[in-house]
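# Examination of the molecular architecture
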Amino acid sequence: QVQFVESGGGLVNAGGSLTLSCAASGFTEDHYAMAWFRQAPGKEREGVACIQNSYGTTYYSDSVNGRFTISIDNAKKTVHLHMNSLKPEDTAVYFCATDYPVVAVCFLRPIRYKYWGQGTQVTVSS
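So, a few notes on the structure that sits alongside this text. All of these numbers come straight from a predicted model, not from anything done at the bench.

Definitions and limits used
- Once a new chain begins, its residue numbering starts again from 1 and follows that chain's sequence as written.
- Note on the predicted model: pLDDT of at least 70 is required for a residue's local features to be given, and 80 or more for side-chain atom pairs to be given and counted; whole-chain, interface and lining totals, by contrast, use all residues.
- Remark: hydrogens and water are excluded; side-chain values derive from all non-hydrogen atoms of the structure.
- When two cysteine sulfur atoms lie within 2.5 Å, the pair is treated as a disulfide.
- Starting at the N terminus, helices and strands are each numbered in turn, a helix being any DSSP run of H or I of at least four residues and a strand any DSSP run of E of at least two.
- Only protein chains enter the calculation, and the probe is 1.4 Å; a residue is then buried if its accessible area is under 20% of its type maximum, exposed if over 50%, and partly exposed in between.

## A word on the state of the cysteines
- One pass over the structure, following the stated rule, counts two disulfides.
- Here Cys22 is linked by a disulfide to Cys96, with a sulfur-sulfur distance of 1.9 Å. Residues Cys22 and Cys96 are joined through a disulfide that is right-handed, its torsion about the S-S bond being 40°. With Cys22 in strand β3 (residues 18-25) and Cys96 in strand β9 (residues 92-99), the pair connects residues that are 74 residues apart, well separated along the chain.
- Cys22 sits in the buried class, given a relative accessible area of 0%.
- The class for Cys96 is buried, based on a relative accessible area of 0%.
- Here Cys50 engages in a disulfide with Cys106; their sulfurs sit 2.1 Å apart. Between Cys50 and Cys106 the disulfide shows an S-S torsion of about 85°. By sign, it is right-handed. Residue Cys50 is found in strand β5 (residues 46-52), and its partner Cys106 is found in the loop between β9 and β10 (115-116); the two are separated by 56 residues along the sequence. For the pair formed by Cys50 and Cys106, the shared burial category is buried.
- By sequence-ordered numbering of the bonded cysteines, the protein chain has its disulfides arranged as 1-3, 2-4.

Structure below.
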């Protein structure tokens, strides 16, 4: 079965940086997408960033574009989210997810993603 190991969450000050990692296993497809979503208390789950592994195409939500960077290690099926200039409104539980096959372009539509991690808490203090 598909499994995830998520790490990197924690407490940081506003303006600080944090890197999340998610290692996926249990699938062998050559073309896939991995993504990060987040959910804050009282809010709907929203897409943050996604990356397609073979073409390297990425997509970011407007709220994080320019501050966050998503990257992937294909050999390890591990996706990273490098978060800079963090704001209190970035506080949420962050979930990684994967979808396959994805041949070229990823989308931040939750319905597309077949498998989800358990989430890791990111708290940004003011």
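## Side note on unusual backbone geometry
- Residues Tyr100 and Pro101 are joined by a peptide bond in cis, for which omega reads -10°.
- Among the structural elements, Pro101 can be located in the loop between β9 and β10.
- Located in the positive-phi region is Lys77, a residue other than glycine, with phi close to 50°.
- Among the secondary structure elements, Lys77 is positioned in the loop between β7 (68-73) and β8 (78-83).
- Judged by its relative accessible area of 18%, Lys77 falls in the buried class.

In short, the description is geometric, and any link to function would need to be established separately.
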